[in-house]
Each structure stands twice: as C-alpha cells, then as structure tokens.
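Notes for the structure review
Each chain, written out:
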There are 2 protein chains.
Amino acid sequence: MVAELTRLGQTLTMVKRIHWLVAEDSPACSPVIASLLHRLGLPFTHLATPMPEVYRRERYVPRGVSNRRAALQWVKEEGHDHGVLFFLDDDNAIDVRLFEEMRHTKTVSMWPVGLIGDYTVSSPIVRDGKVVGFYDGWPAGRKFQVDMAGFSVGVGYIKKQKRPTMPYIAGYEEDGFLKSLNLTLKDIEVRANGCTEVLVWHTRTAKNPTRAIRLPPDKHTHDNIRGLVENMKHLGMIK
Amino acid sequence: MVAELTRLGQTLTMVKRIHWLVAEDSPACSPVIASLLHRLGLPFTHLATPMPEVYRRERYVPRGVSNRRAALQWVKEEGHDHGVLFFLDDDNAIDVRLFEEMRHTKTVSMWPVGLIGDYTVSSPIVRDGKVVGFYDGWPAGRKFQVDMAGFSVGVGYIKKQKRPTMPYIAGYEEDGFLKSLNLTLKDIEVRANGCTEVLVWHTRTAKNPTRAIRLPPDKHTHDNIRGLVENMKHLGMIK
C-alpha cells in the first residue's frame, strides 16, 4: 500500500488545483500516511473512515464504500460548486491528461478505463456524442456499467441532489451512486475524444497477504537488518 | 506496458538532471512509445534492442539483458563521467527521493528493495557502514545477491573497467554485471540511511497474456467502440 500511495501521490503533485481526500479504512489516521501526505506537499484532507463492524462480519461486503461515503460527505460540506469529484483507487495508473479531461465536469463525465487483469476495457458506448450504453461491463444488469475510475462528478451537481450516497453492495457501488444522483444517460458528458482513448487503467490484481519477518534472536544483532525490518513494519509492508 | 510506462515516465519528469534511456525489445522503435516520450518532455534516448534470435529459442533466457547491454554501451560512449546509471524496470514503484540518494554515486551505491510478490525485501547487510553480505537474496550462491532496482553505478567507474557487461543467465544478471565491474563489497556505497529505508519496490507480478477483442461485423458500426479498440491495438493493450 505504501508503494502504491507513494507512486500515486507523486503523480498527483503534477496536477494543478487538486485537493486529495485520503479516507483510510482504519479507526485512526495512520502516521505513515500522514507523513507521506505532508512530504508530498499537495493540499489534502486525511480522514479515518473504518468500515462499520456490522459489515465486517459479512462475506461479500465491498471495500471502500465507507471511505467514499465519508469523502462524499466532506465534499457536500466543504466542496466548491465548481469542483469535481473523482474516486481514485490505489491500484489506478493515471495519465495526468485525464485530470484536464475531467476538470470542467458539470454533471457526470465518463471515459474508457483499461482493465488490467481479467478484462480489457470498460467504456461507455457513444453514438452521436451521447452515451447510449456500456461495453464489457460487469456485472450486467446495472443501468450504469462503469468502473469507479471511469467517471467524475460535478460538486455543484452532487449538492443539488436530495440523497447522494453509495450502496454497500459489491459490484453495484458505481451504479447505485450514479442512480442516487438521478442521472440519465443523456446527462452524461463524454470525454477522452468521444470515449476512444484510454487515459486510466485499473489493475485488478489480488493483494498478496502481508507477510511476517521473524529474525532469530541471535541473527542480525550488529547490522542494519533489524532497523530495516522495523521500518517495514512501520510502513505496513510486513506484520 | 503503456500504463506502466506512462506512470513511470510521469514520475521521472519530477527528477532533475535525468536522461531516460528507453531500450525496447523490438526490431524498431515503436511509435507509441516515441510519442509518449515526446509528450513527457524529459531528455531521452530511444533504442531498438531486440533480443538476438539465438536466445529467443531457448527456454530460460532472461528478458532485458539485450536492452541493458545496449544501454550500457550507450553510457560508455555518450555518458558523462559524473553521471550515474540506474536500471529501471517498468514494474518498479519509486519514491523520487531515491534519485537524490543515488545522485552522488562514485562506484556502486546500494539500498533495500521492497519486493511485492513472493518475497518481502532484498537488502545489503551493513555493519559499521560497510556491506558485509545480503539479506533474503535469490538465487543463493551469488556474490552480489541484489535486485536490479537495488543499485546504481557511477558512469566514470564503468568507463574505467575493461569489459563491463551483463550475462545472458537468468537470475545472475545483477551478479554477473557487478562482477564484471571488478567490484568488491568494501567498494559499495551504502545509501537509504544505512540501508534501513525502502524507497523502491519491485512488483514481481506475472504479466497477463495480451487479449484480443473481436467485434462482430454487425455490432458497434455507428458508435465509438471500433475507434476505441483501434486505439487499444495501437497502444499494444490488445492484439
């Protein structure tokens, strides 16, 4: 996670007029992420947004909903009407030109997302400048078959809605959120050259389980390895 | 690949006084990578360095040797004596502070590499400010058990050697290269706070095979999807 946040945060420092909301799935803001945010030097807000206990006990609960709901609440209270909300994931790879594509979003902007993993691409189908459907979406049966990295929303537009929210239903987070905005297909703003260019990729790689390093008590007592292992524990790289 | 090169190249634009050698494993420089390099705006040299046919027929041939040998040749001919060579991989995640750590390398600098995948970390063992061995290296039996992302070399130091080269032996590329520099452990410059900090990660994820998208001839004839698929083929995202 620290590798991905470092890489992502460094990319965000290249974007003008950005505010990074980092909503952690933990009961308190972790010092490691706080120090990374301070070091990067871009405007940020750091939120501790743990998933409620009631959901942790269930099997197919989507990760990230609690965090995105908190970000949504923050945006409703603190965001400028001409601001734009984009939900980043730590496993996104972004061409910085995407931020210019989304910058003037009034309602909801959409664009293709390269999916690295089982799928190849998720994209709106555009005809005569308007979205008429979705290509290669999963799961089917959704009105808005889009990836979380495939859209941005105008903050003013969010504020105008009665109950903007995201459901705790795996696979239906994007669809449920966009439905809560009372969005229709014809409201969607088409970006990335008529949805023909890929400027963001979503790697769907499974996370490796966090490993432990246990040093034998008689080993590495006079070198750097114990200090290195301590730093890696601090960064959450190992248990 | 285009996702990773975009992400990596954007990071490199943040580094002062850098020259990016991009050595492709292909018979000619691909226009997609050329246009990415031009767009990023950092100083670069783009080389076409295909693996020789004789190696392609073998089973356990290391990828990347032909490219790194070409880069080495370029550095010997064109590099400044006070320059520093660092072998990047497209699956590295780098904290930009690493470039400041390596910037003053005279012989060979080393630091820990976080390994995302089967391993956790590869690091020199440092005692009293000197490298005395290596932690968690693979394969064993090497003099220098380091990851390709774990060291940098002074260009002037390379030029002083008779036959700096990299062997075509999987798992022994780093070791063979450092041996060809006549390096001894006591020559190594210790970086990253005595090799206790992780500023670079190497994800050892297997590449997914490139997929094909075949659109039925009667589908998507009046929308954006054919243009999107063409662009993705152009970028090498699909076959």
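Coordinates for the structure precede this section.
Residues numbered from 1 in each chain as written. Chains lettered and ligands numbered in written order. Predicted model: local features only at pLDDT ≥ 70, side-chain atom pairs only at ≥ 80, totals over all residues. Heavy atoms only, no water.

1. A short note on the interface of chain B and chain A
With 49 residues of chain B at the interface, the matching set in chain A holds 49 residues. A combined buried area of about 4,200 Å² lies between chain B and chain A, and 61% of that area is made up of carbon and sulfur atoms. Counting every contact that joins chain B to chain A gives two salt bridges. Measuring nitrogen to oxygen at the nearest pair gives 3.1 Å for the salt bridge that ties Arg39 of chain A to Asp95 of chain B. (Contact = heavy atoms within 4.5 Å. Buried area = accessible area lost by both parts, 1.4 Å probe. Salt bridge = Lys/Arg side-chain N within 4 Å of Asp/Glu carboxyl O.)

2. So, the packing of aromatic side chains
All names here are of chain A. This model, assessed by the stated rule, comprises twelve aromatic pairs over all chains. Taken together, a centroid distance of 6.2 Å and an interplanar angle of 80 degrees make the contact between Phe86 and Phe99 edge-to-face. Of this pair, Phe86 sits in strand β3 (residues 84-86) while Phe99 sits in helix α5 (residues 97-102); the two residues are 13 residues apart in sequence, bridging distant segments of the chain. The same class applies to Phe86 as to Phe99, namely buried. (Phe/Tyr/Trp six-rings, centres within 6.5 Å; stacked < 30°, edge-to-face > 60°. Helix = DSSP H or I, 4+ residues; strand = E, 2+ residues; numbered from the N terminus. Buried < 20%, exposed > 50% of the residue type's maximum accessible area, 1.4 Å probe, protein only.)

3. A closer look at the pairing of strand β2 (residues 44-48) of chain B
Residues and elements named next belong to chain B. Pairing of strand β1 (residues 20-24) with β2 involves five bridges; the strand directions are parallel. Looking at the pairing, Ala23 lines up with Leu47 of β2. At this point the chain moves from β1, through helix α2 (residues 31-40), to the parallel β2, and the crossover so formed is right-handed. (Pairing = 2+ DSSP bridges. Right-handed = clockwise from strand over helix to strand, strands pointing away.)

4. Quick look at the sheet that holds strand β10 (residues 188-190) of chain A
Residues and elements named next belong to chain A. The strand order β3-β9-β5-β10 describes an open sheet built from four strands, whose pairing is mixed. Single-partner strands in this sheet number two, and they are β3 and β10. Adjacent strand axes in the sheet meet at a mean angle of 30 degrees when their direction is disregarded. Summarising the sheet, β3 and strand β9 (residues 151-154) pair through three bridges and their orientation is antiparallel. Note that in β9 the partner of Leu85 across the bridge is Val153. (Axes fitted to C-alpha atoms, helices over the stretch in contact; angles between N-to-C directions.)

What is shown is where atoms sit, not what they do.
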